[in-house]
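Residue-level listing of the chains:
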Amino acid sequence: MTLLLAVAAVAALAALVAWWRVRRLRTAESSAHATALAALKVRHNEELAGHQRRLETLLDSMVDGLIVLDTRGRIALSNRAAETLFGFSRQMVGCTLLEAVRHHEVAALVTRLGAEAAILDHELRLEGLQPCVLQVNAIGLHDAAGTGTGAMLVFHDLTRLRELEGARQEFVANVSHELRTPLSLIKSAAETLLDGTKSDPAALDRLLAIIDRHADRLTLLIDDLLLLAQLDSGRLVLHPQPAPVRAAVQEVFDDLAKRAQAREVRLENAIPDGLTAKVDSDRLRQVLSNLVDNGIKYGRPGGSLTVSAGAKAGGWLEVCVRDDGPGIPPEALARVFERFYRVDKARSREQGGTGLGLAIVKHAVQAHGGEVRVESELGQGAAFYFTLPAA
Ligand code: ADP
């Protein structure tokens, strides 16, 4: 009996030991499993955060604005361009579209998406501190089963394009007007001649002189337009060579000596000897010629015009063409380099100006990497400055 009890006790002990071993093994296994699971979870979360960051970087680098809405019409995703356009922050994720963009027209587009699959090329004007024109594309989103999952709005900024279109239209209108004026004068002189004025020698001379003068004006205008178009498009090939600036100014003075004499304007070349620019000499002559011609035309009859220059830091020269005429009104200073801008239209036309001289100056100087500016006070003359690379 005692033996039997002892055997049972040993067997029970052995079973206990075996159970304890299995339990210990299981506990070790499950704790290893839990550790592996936790590590996997951490890695998964890190990967998810990495994906999220990459997606945000990608969307934020887009030029177009993007807003994604969930099925309840709340913001699920937005990028920096959209936030800047409408002035909301990323904290607005979860808010309604109207709360974030505060624009009923945009919200109305999303409402329309219920009936339409997509609304493309919708033009939207934003007023405010920085008014802009946007092209909006609103698209309904669906999963593989065709169930609606929300909507996506893409905003493309058309402001610059619209400005360029406006400038192009204005330019075409200006060119047409500039061409029409001399053409109609030529036409009416020719008609008068055809009507029989040929027999009157004085009238004949006068009418032929009108035709000649305005044909010259048309040629000048077309030459200036072509040059400007070439400079503007970068099609004009420059041949920069070391050019002595004093000699270039002297050549221009010689060319314009008659005009200066007619208005009794004294021309002074104050450029020091030995100052050499690395420029296309034709363009330099053109720049100087336009500025000196303007100084003679718009300066004071009996006054003086001085061209001076000096070296500037960084390997540049600065040339200044200064007159002592009536000067330019402050509100016109920022505009004189625009095509066809004139302070006094009648005066410019009477002097044979095309309204393109300073625009050509600006583009020719910029083609060499230089800059132009003007300083003037009413009654104190005008000073045009431009920089050129030194040789
Ligand atoms: P334009 O063919 O009319 O001379 P520009 O482009 O050369 O065209 O000049 C634009 C306008 O700038 C001129 O019409 C004139 O009103 C003004 N302007 C240019 N140079 C001077 C100057 N030296 N003094 C006063 N006004 C000037």
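Basis of the calculations
All residue numbers refer to position in the chain's written sequence, counted from 1. At least 70 in pLDDT is required for a residue's local features to be given in this predicted model, at least 80 for side-chain atom pairs to be given and counted, and no such filter applies to totals for whole chains, interfaces and linings, which use all residues. Neither water nor hydrogens contribute to the side-chain values; these are computed over all heavy atoms in the structure. Pairing between strands requires that DSSP locate at least two bridges from one strand to the other. Segments assigned H or I by DSSP are reported as helices when at least four residues long, segments assigned E as strands when at least two residues long, and all are numbered from the N terminus. Helix axes are fitted to C-alpha atoms over the stretch in contact, other axes to C-alpha atoms as well, and angles between N-to-C directions run from 0 to 180 degrees. As used throughout, domain bounds are those supplied by an automatic or database domain assignment. What makes two residues a contact is simply this: any of their non-hydrogen atoms within 4.5 Å. Once two parts are put together, the accessible area they lose, assessed with a 1.4 Å probe and summed over both, is termed the buried area. For this document, the term salt bridge refers to a Lys or Arg side-chain nitrogen within 4 Å of an Asp or Glu carboxyl oxygen. By the criterion applied in these results, polar contacts are pairs of N or O atoms within 3.5 Å in which, for protein atoms, one can donate a hydrogen and the other can accept it, and in which residues neighboring in sequence qualify only through two side-chain atoms. In this classification, the charged set is Asp, Glu, Lys and Arg, the nonpolar set is Ala, Val, Leu, Ile, Met, Phe, Trp, Tyr, Cys and Pro, and all remaining amino acids, among them Gly, are polar. To qualify as a nonpolar core, a set must consist of buried Ala, Val, Leu, Ile, Met, Phe, Trp, Tyr and Cys residues joined through side-chain atoms within 4.5 Å. Burial classes: relative accessible area under 20% of the type maximum marks a residue as buried, over 50% as exposed, and values in between as partly exposed (1.4 Å probe, protein chains only).

Caption draft 1: Fine view of the sheet that holds strand E7 (residues 266-270). Here five strands make up an open sheet; going across it, the order is E7-E9-E10-E12-E11 and the pairing mixed. On the outer flanks of this sheet lie E7 and strand E11 (372-376), each paired with one strand and no other. The sheet shows a mean angle of 15 degrees between the axes of neighbouring strands, taken without regard to direction. As defined by bridge partners, strand E9 (residues 304-312) adjoins strand E10 (residues 316-323) across eight bridges and the pair is classed as antiparallel.

Caption draft 2: Fine view of the sheet that holds strand E2 (residues 75-78). Across the sheet, which stays open at both edges, the five strands sit in the order E2-E1-E5-E4-E3 with antiparallel pairing between neighbours. The open sheet terminates on both sides in strands that have one partner only, identified here as E2 and strand E3 (118-126). With strand direction ignored, the average angle separating the axes of adjacent strands in the sheet is 20 degrees. Sheet topology note: the strand E4 (residues 132-142)/strand E5 (residues 148-157) ladder contains nine bridges and is antiparallel. In the strand pairing of E5, Ile139 is matched with Met152.

Caption draft 3: Up close: the domain arrangement of the protein chain. Under the domain assignment used here, the protein chain contains domain 1 (60-157), domain 2 (160-236) and domain 3 (238-391). On a C-alpha basis, the centroid separation for the pair domain 2 and domain 3 is 25 Å. Contact residues are listed per partner, giving 15 residues for domain 2 and 16 residues for domain 3. With both sides pooled, the region where domain 2 packs onto domain 3 buries about 1500 Å², and carbon together with sulfur makes up 64% of that total. By the criterion of area lost to domain 3, the three top residues of domain 2 are Arg217, Leu228 and Leu231, representing 34% of everything that side buries. If you look at where domain 2 meets domain 3, you find two salt bridges. Here Asp232 and Arg339 are joined by a salt bridge, their closest N and O atoms 2.8 Å apart. Joining domain 2 to domain 3, the criterion identifies six residue pairs in polar contact (both at pLDDT 80 or more). Of all elements in the fold, only helix H5 (159-194) and helix H6 (201-233) reach the threshold of two or more residues within the side of domain 2 that touches domain 3. Top element by residues in the side of domain 2 that touches domain 3 is H6. It accounts for nine residues. Its residues placed into classes, the side of domain 2 that touches domain 3 shows nine nonpolar, two polar and four charged.

Caption draft 4: A look at the nonpolar core. Of all hydrophobic cores here, the largest spans 50 residues; its most connected members are Leu288, Val292, Val307, Phe384 and Phe386. Those residues in contact with Phe386, other than ones at most four positions away along the chain, are Leu284, Val287, Leu288, Leu291, Leu317, Glu318, Val319, Val365, Glu371 and Val372. Core analysis: the second largest hydrophobic core is formed by 22 residues, Leu69, Ala82, Phe86 and Leu109 among them.

Caption draft 5: Seen up close, the pattern of salt bridges. Overall, the coordinates contain 23 salt bridges when judged by the stated rule. Note that Arg80 is salt-bridged to Asp60, the shortest N-O span being 3.5 Å. Residue Arg80 is found in helix H2 (residues 80-86), and its partner Asp60 is found in helix H1 (residues 2-60); the two are separated by 20 residues along the sequence. By relative accessible area, which is 15% here, Asp60 ends up buried. For the salt bridge of Arg285 with Asp282, the shortest nitrogen-to-oxygen distance reads 3.7 Å.

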